Amino acid sequence: MSLSESRPGTATRETLPGPSIDFWKHRHVLDLDDFSREETDLVFEIAEGMVEILDRDVKKVPTLRGKTIATMFFEPSTRTRASFELAAKYLGADTISLDATKSSVAKGESLIDSLRTLQALEVDAIIMRHPCSGAPYIAARSLDTSIINAGDGCHAHPSQGLLDIFTMKQQLGDLKDRKVVIVGDIMHSRVARSNIWGTRHYGMKLVLCAPPTLIPHGLPEMLEKYSLNHVTIEHNLDSAIENADIIMSLRLQKERQQSGLISSLREYIQGYQINMSRLAGAKPDVLVMHPGPMNEGTEISPDVAYGTRSLIEQQVTNGVAVRMALLYLIAGGKNR
Amino acid sequence: MKDSSLLIKNARIIDPATDAEETGDILIAEGKISKTGNDISAAGAATIDASGLIACPGFIDLHCHLRQPGYENKETIATGAAAAARGGYTTICCMPNTNPPLDNAGIVNHVRDIASRDAPLVRILPVGCITGGRAGRELVNMAELASAGCIGFSDDGSPVSDTRIMSLAMENAAVLDLPIIDHCEDINLSQGGHMNDGWVAVRLGLKGIPAAAEEIMVARDIALCELTGARLHVTHMSTAGSTQLVRDAKQRGLKVTCDVTPHNLTLTHERVMKVQDTPRTALAYDTNARVNPPLRSPADIEALIRGITDGTIDAIATDHAPHTIEEKLCEFENAISGISGFETAFGVLMSLVHTGSISLKTLLACLTTGPAKILQNGTGTLRPGARADITLLDTEREWTVDVKDFLSKGRNTPFNGCKLKGLVVATISGGCLSFHHDSLRIS
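Residues numbered from 1 in each chain as written. Chains lettered and ligands numbered in written order. Predicted model: local features only at pLDDT ≥ 70, side-chain atom pairs only at ≥ 80, totals over all residues. Heavy atoms only, no water.

**A closer look at the interface of chain B and chain A**
No. 1: Each partner contributes residues to the interface: chain B has 19 residues there, and chain A has 26 residues.
No. 2: Carbon and sulfur atoms make up 57% of the surface buried where chain B meets chain A, a total of about 1900 Å² over both sides.
No. 3: Considering only the side of chain B, the residues that lose the most area to chain A are B:W199, B:V202 and B:R203, jointly responsible for 35% of the buried surface there.
No. 4: Put simply, chain B and chain A have 1 salt bridge between them.
No. 5: Our count for the chain B to chain A interface comes out at 11 residue pairs in polar contact (both at pLDDT 80 or more).
No. 6: By residue number, the principal contributor to the side of chain B that touches chain A is helix α6 (residues 199-204) of chain B, which donates 4 residues.
No. 7: The residue makeup of the side of chain B that touches chain A, split by class, is 10 nonpolar, 4 polar and 5 charged. (Contact = heavy atoms within 4.5 Å. Buried area = accessible area lost by both parts, 1.4 Å probe. Salt bridge = Lys/Arg side-chain N within 4 Å of Asp/Glu carboxyl O. Polar contact = N/O pair within 3.5 Å; in protein donor to acceptor, adjacent residues only side chain to side chain. Helix = DSSP H or I, 4+ residues; strand = E, 2+ residues; numbered from the N terminus. Nonpolar A, V, L, I, M, F, W, Y, C, P; charged D, E, K, R; others polar.)

**Digging into the sheet that holds strand β7 (residues 89-94) of chain B**
Residue and element names in this part refer to chain B.
No. 1: Spatially, β6-β7-β8 is the arrangement adopted by the 3 strands of the open sheet, whose pairing is parallel. Each having just a single partner strand, β6 (59-64) and β8 (123-126) make up the two edges of the open sheet. Strand-to-strand twist across the sheet, computed as the mean angle between neighbouring axes with direction ignored, equals 20°.
No. 2: Note: β7 against β8, 4 bridges, orientation parallel. When the sheet's bridge partners are listed, C93 is paired in β8 with L125. (Pairing = 2+ DSSP bridges. Axes fitted to C-alpha atoms, helices over the stretch in contact; angles between N-to-C directions.)

**A closer look at the packing of aromatic side chains**
No. 1: With the rule as written, the count across this model stands at 10 aromatic pairs over all chains.
No. 2: Where A:W24 meets A:F35, the ring centres are 5.5 Å apart and the plane angle is 80°; that geometry is what we call edge-to-face. Of this pair, A:W24 sits in the loop between α1 (3-6) and α2 (37-55) while A:F35 is found in the loop between α1 and α2, placing the two residues 11 residues apart along the sequence. Across the pair, exposure class does not vary: A:W24 and A:F35 are buried alike.
No. 3: A centroid spacing of 6.4 Å and a plane angle of 40° characterise the contact between A:F44 and A:Y202, whose relative ring orientation is tilted. One end of the pair, A:F44, is in helix α2; the other, A:Y202, is in the loop between α7 (190-198) and β6 (205-209), with 158 residues separating them in the sequence.
No. 4: Taken together, the ring pairs in this structure connect B:F59, B:Y89, B:F342 and B:F346 into an aromatic cluster.
No. 5: When the ring centre of B:Y71 is taken as reference, the NZ or CZ atom of B:K74 above it lies at 5.7 Å.
No. 6: Looking at B:R203, its charged tip hangs above the ring of A:Y226, at a distance of 5.0 Å from the centre. (Phe/Tyr/Trp six-rings, centres within 6.5 Å; stacked < 30°, edge-to-face > 60°. Buried < 20%, exposed > 50% of the residue type's maximum accessible area, 1.4 Å probe, protein only. Lys NZ or Arg CZ within 6 Å of the ring centre and 35° of its normal.)

**As for a negative patch on the surface**
No. 1: Taken together, the side chains of A:E45, A:E48, A:E52 and A:D55 make up a negatively charged region of the molecular surface.
No. 2: By secondary structure assignment, the location of A:E52 is in helix α2. (Patch = residues over 30% accessible without salt bridge, like charges linked within 9 Å, V, L, I, M, F, W, Y side chains within 5 Å. Areas by Shrake-Rupley, 256 points an atom, 1.4 Å probe, with all protein chains shown as cover. Lys, Arg positive; Asp, Glu negative; His and termini not counted. Charge placed at Lys NZ, Arg CZ, Asp CG, Glu CD.)

**Some remarks on the pairing of β7(B)**
All names here are of chain B.
No. 1: Of all 6 residues in β7, 6 are buried, a share of seventy percent or more.
No. 2: The sheet contact formed by β6 and β7 spans 4 bridges and is parallel. Bridge pairing in β7 places C64 opposite C94.
No. 3: Handedness of the crossover is the feature at issue here: the chain leaves β6, passes through helix α1 (residues 77-86), returns alongside β7, and the resulting connection is right-handed.
No. 4: With helix α2 (residues 105-118) bridging β7 and the parallel β8, this β-α-β connection has right-handed handedness. (Right-handed = clockwise from strand over helix to strand, strands pointing away.)

**A look at the sheet that holds strand β1 (residues 68-73) of chain A**
Residue and element names in this part refer to chain A.
No. 1: Spatially, 4 strands are ordered β2-β1-β3-β4 in an open sheet, and the strand pairing comes out parallel. Each edge of the open sheet carries a strand with a single partner, namely β2 (94-99) and β4 (146-152). Going across the sheet, the axis of each strand differs from the next one's by a mean of 15°, ignoring polarity.

**Thoughts on the domain arrangement of chain A**
Residue and element names in this part refer to chain A.
No. 1: Under the domain assignment used here, chain A contains domain 1 (3-153 + 318-331) and domain 2 (158-305).
No. 2: Between the C-alpha centres of domain 1 and domain 2 the distance comes to 26 Å.
No. 3: Between domain 1 and domain 2, the buried area comes to about 2100 Å², and carbon and sulfur atoms account for 61% of it.
No. 4: Broken down residue by residue, the surface that domain 1 buries against domain 2 is led by L32, F44 and N318, which jointly contribute 30%.
No. 5: Applying the counting rule to domain 1 against domain 2 returns 1 salt bridge.
No. 6: As a salt-bridge pair, R190 and E75 come within 2.9 Å of each other at their nearest N and O atoms.
No. 7: In this structure, the connection of domain 1 to domain 2 is made through 12 residue pairs in polar contact (both at pLDDT 80 or more).
No. 8: Elements represented by at least two residues in the side of domain 1 that touches domain 2 include exactly α2, α3 (79-90), β3 (125-130), β4 and α14 (312-331).
No. 9: Per-element tally for the side of domain 1 that touches domain 2: the top contributor is α2, with 8 residues. (Domains from an automatic or database assignment.)

**Quick word on helix α11 (residues 298-309) of chain B**
Residues and elements named next belong to chain B.
No. 1: Helix length check: α11 (12 residues) gives 17 Å between terminal C-alpha atoms against 16 Å at 1.5 Å per residue, within 8%.
No. 2: All of the buried residues along α11 are D300, I301, A303, L304, I305, G307 and I308.
No. 3: Looking at the buried positions of α11, the neighbouring elements they touch are α8 (240-251), β13 (256-260), α9 (262-266), β14 (315-316), α12 (345-354) and α13 (360-367).
No. 4: Just downstream of α11, G311 is the residue with a positive phi angle, here 85°. (Expected span 1.5 Å × (residues − 1).)

**What to know about unusual backbone geometry**
No. 1: Across the junction of A:G292 and A:P293, the peptide omega takes the value -10°, indicating a cis bond.
No. 2: The omega torsion across B:N292 and B:P293 is 0°, close enough to zero to call that bond cis.
No. 3: By the secondary structure assignment, B:P293 is in the loop between α10 (270-273) and α11.
No. 4: Positioned with a positive phi, A:N243 is a non-glycine residue whose angle comes to about 65°.
No. 5: Structurally, A:N243 is set in the loop between α9 (237-240) and β8 (246-249).
No. 6: In the Ramachandran plot, B:N10 falls in the positive-phi region, its phi being about 60° despite a non-glycine side chain.
No. 7: Along the chain, B:N10 falls in strand β1 (residues 6-15).

Right, dumping it as structure tokens:
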């Protein structure tokens, strides 16, 4: 399908919004570090149109009819994978999914071998998750197919970063001078890293809050190196959430305790759990996000997670819309 | 050929051992340096026209991996030695992490047998293990290894964590007057790390190896050196802190020496994410830049260069570590550490001379007299009577690294495609040409 067919004016005029996408240059979506403000805004603009489609009874549009999108997950995931697959199906694409945690990869097949197989099957884009940082970059260099990074090690999770910022904008409108706090295991979080890059265009303040053992040593220098002046680091959560507009809690994996990075779950909960008594020290209208999957009772209390301030369900819905937008931009036309 | 004589004409002769620098000739007879001077003629001798070239003692490498026995897919003694000769090396010390490791006299003899059969033109000196199987638990029979020809002891990539074991090893080594060559790394602190702990690691989402992991072990070893009176050689030192620790130890008169690698002197951790000339956004995650100790910060490089200039650092060693393509063609976190370094060492190091960071004479001292002093075997000089180990260099010649031309089986280098200025034109080992470049003029 050529771009003109998938663009407004032909079959999909009624189903898709029509911003100019001529300046979109990305063949892959690997991280948000190379997304300009215009490109990020374009994703959001298209995603808004997708939200409308998601509100319909019949959600399916033919934009990517005839295209095949593969998901290849080298690490277990249910949410992100389901979200991408649904996004592809709503756009009319065929999807295949390879669970690389169980397939031949587990038998010692190399990453590049597995990907070449997929390329030989002539799919139009590969959505890839991998436990090693940088794996999608190897894929992007080795293959002719477009790669969408669905999470690589501790490095990046661009679609999550986009859906998070999309959700923030949806709630707050202009993000200028707003304050967002990300609290939790910053050291191992690809979500935090992609949010650092994605939020840099919007004039907002981003506070990263964690115990010192969960902040990588080189973070302040990295922020300085790239002039990411909107980001600050704070170890005390109660100070961090003062005047915050949004608090995003990150999952704490149980292994962090076993490896000694936190001394006990009890201590972590005391210092960093988002719960009602903690929120008493924040603005009354503060909103709460979480990229999932949650450890309820650890980094977030259930009453907050399912309470009125929670945006967690909106994040899930927006995730499908944002991923539809990305698939449209990547697989929808000439940029293939 | 060994008994025939060889005359090198009109070379710029630099012998760091005697501090001599002159333009002249070198006559080699019966494998030894016969005389140096002007207008030497020798009827019937093969003659090398070395005008425009530098003649210096053959390079000595204190740290390399030849992989045989056990990992012949990565390198053999024959291919490793050929690569070494091309790099200008006449003496190389091979690390014991073969399979089986060099932890008993039988296997050391086996390696020396292969070396004399397959690589007669490079002097290969084995380094013995400190502990059996490099497992860090039981000391090897160090006297037996010394008699078998080991020039020092090291568990290299698996450094001895147990301080008591290391202390006992040093007491034994002190009696044998051989150095303990330590890869200094606190493996509890570095555990799981993939690259230097710093901003690049955060940028790439990789786990960092802090400088402290090296410095803690350097400090421990220096304390043990003081306790036991042993000779300690800190190999492939990579941080500013380690350099200062060694400097202080030397000032206190302790028998501490150290070496650094060409890559740790010239590349920073930024090389892991950025290959020359790639677009800014394409993060490289270049597994060829994965090495242990990792490429460090610009401040560390600055400190290492200061260490070379002020004599804190005695030698430059390649840590030549060949690996197969498959071991590098994978995720950064799964890639094995190491750089195939023999064939690029001189060209890479010359960049420091061309930019004025160190003098040519200092560089050559680090490649010859410096390591020779640690080996205490009389090599590293052009004095008449010495074994004729000579390297001929063209410091101005430009060339481009192409791994397809490597003599080493290991194609793993971050310098592939780099334009270097400085070429080894010929290597003479015991009076025989062990390598020569096409441009060598010989009659």
